[in-house]
Structure formats: structure tokens, C-alpha cells
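# A look at the structure
For reference, the chains in residue letters:
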Amino acid sequence: MILVSACLLGENVRYDGGNSLNKELLELLAGKEMVPICPEVAGGLPVPRPPVEIVGGDGEDVLAGRASVKSAEGKDLTAAFIEGACKVLEELDLQEIEFAILKSKSPSCGVDRIYNGQFNGQLRQGPGVTAAYFMSKGIEVYTEEEVDKIKNKLKG
Ligand code: SF4
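Remember, predicted model here, so these are calculated numbers, not experimental data. (Residues numbered from 1 in each chain as written. Predicted model: local features only at pLDDT ≥ 70, side-chain atom pairs only at ≥ 80, totals over all residues. Heavy atoms only, no water.)

### Observations regarding the overall build of the protein chain
A count of helices and strands for the protein chain gives six helices and eight strands. Listed N to C, the secondary structure of the protein chain is β-α-β-α-β-α-β-α-β-β-β-α-β-α in terms of helices and strands. Taken across its 156 residues, the protein chain has 48% of its residues classed as buried. A separation of at least 24 residues holds for 62% of the contacts in the protein chain among residues at least 6 apart in sequence. Entry remark: accessible area of the protein chain is about 7800 Å², with carbon and sulfur atoms responsible for 46%. (Helix = DSSP H or I, 4+ residues; strand = E, 2+ residues; numbered from the N terminus. Buried < 20%, exposed > 50% of the residue type's maximum accessible area, 1.4 Å probe, protein only. Contact = heavy atoms within 4.5 Å. Areas by Shrake-Rupley, 256 points an atom, 1.4 Å probe, with all protein chains shown as cover.)

Structure follows, in C-alpha cells:
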């Protein structure tokens, strides 16, 4: 099975109530066993919800207790983000997971770049909380932008 950020599949679970439907990805994955996941909703957060960023580091730092997930107003949502990352894997057999395709730049799903925690629209390197958690479990993660890599994985 392939885990996919639910917003990429057209589910209206984004913080703003919308989705990030990626038709190219859907075509690429046609006929594959996909499991949609949204760690923020799994962590108990509502739709819509305030936008947040990781303050003081990246997702690995959040998991290690060195950084936190906060809204621009300073509301701390770190616990919900960690809980959501854990919950989306809870019912799944890790051995069955081929890889994951996660929405780029999200504080949960971002794989290699996330917003820098200063709410100024700038990015920094590093994964979101869920991507970091998945990597810690040995799950390969890609963003929807890595089409060539995904194609190679599907061939292999
Ligand atoms: S947490 Fe991930 S799946 Fe959910 S809306 Fe954000 S990017 Fe999409």
C-alpha cells in the first residue's frame, strides 16, 4: 500500500477547508492501493483550523522535544501534531507500506522543506512532524513534486 496525504487526493482537510488535489498524481497512482492520511485531522484538529508553523526547528526537533508547532498567535499545537503522526500508522502493518507521498512544505507532511517558523513565507530545510516520524519508522517518503522518483518506485 502507498500512503498519500489526503489533501492531495482531493479531500477537503487542509487548514483552510480546501484541498490540494493533484490530478497528475492520481493518474500515476491509478489502480494502486492507496491509503489517504491526514495527520492533523487524525490528531483531533478541526477543518478549518489556524495555519501553523514549526518554531525552533523541524519535525525531527519536534519529536525530540526541541521545537514546537504554533499558530501565528502563539497557540501551541505540538501535542496534536505528534499524536496525529502516530495515529495514522496505528492501524497499519508497517511491512505492507511501500512508501508514502506527502504534501510538500506542510508542517506535518513536508518532506524536505517547511516554513521557517517566523510566519514570513520563507522556507527552511527539514521535514514536517509526520514525515520525520515516518522516516524514523523506516518508511520512504516523497513529495508530490518528486514525480520521477515516484515513477521509478512504481516501476520497481
Ligand atoms: S496534514 Fe498533511 S494531509 Fe492533512 S491537510 Fe495538511 S498536508 Fe494535507
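### Thoughts on the site of the ligand
What surrounds the ligand is a group of 14 residues, the closest being Cys7, Ile37, Cys38, Glu40 and Cys109. The class makeup of the residues in the shell around the ligand is seven nonpolar, three polar and four charged. (Near = heavy atom within 4 Å. Nonpolar A, V, L, I, M, F, W, Y, C, P; charged D, E, K, R; others polar.)

### Quick notes on helix α4 (residues 78-90)
Under the 1.5 Å per step criterion, the end-to-end length of α4 is 19 Å for 13 residues, consistent within 8% with the ideal 18 Å. Buried within α4 we find Thr78, Ala80, Phe81, Gly84, Ala85, Val88 and Leu89. (Expected span 1.5 Å × (residues − 1).)

### Some points on the sheet that holds strand β5 (residues 99-102)
Here we have four strands laid out as an open sheet, ordered β2-β1-β5-β8, and parallel in their pairing. Whereas interior strands pair on both sides, the edge strands pair on one side only; in this sheet they are β2 (34-37) and β8 (141-143). Ignoring which end each strand starts from, the neighbouring axes of this sheet average 25 degrees apart. For strand β1 (residues 2-5) and β5, the ladder comprises three bridges, and the chain directions are parallel. Paired with Val4 across the strands is Ile101, a residue of β5. (Pairing = 2+ DSSP bridges. Axes fitted to C-alpha atoms, helices over the stretch in contact; angles between N-to-C directions.)

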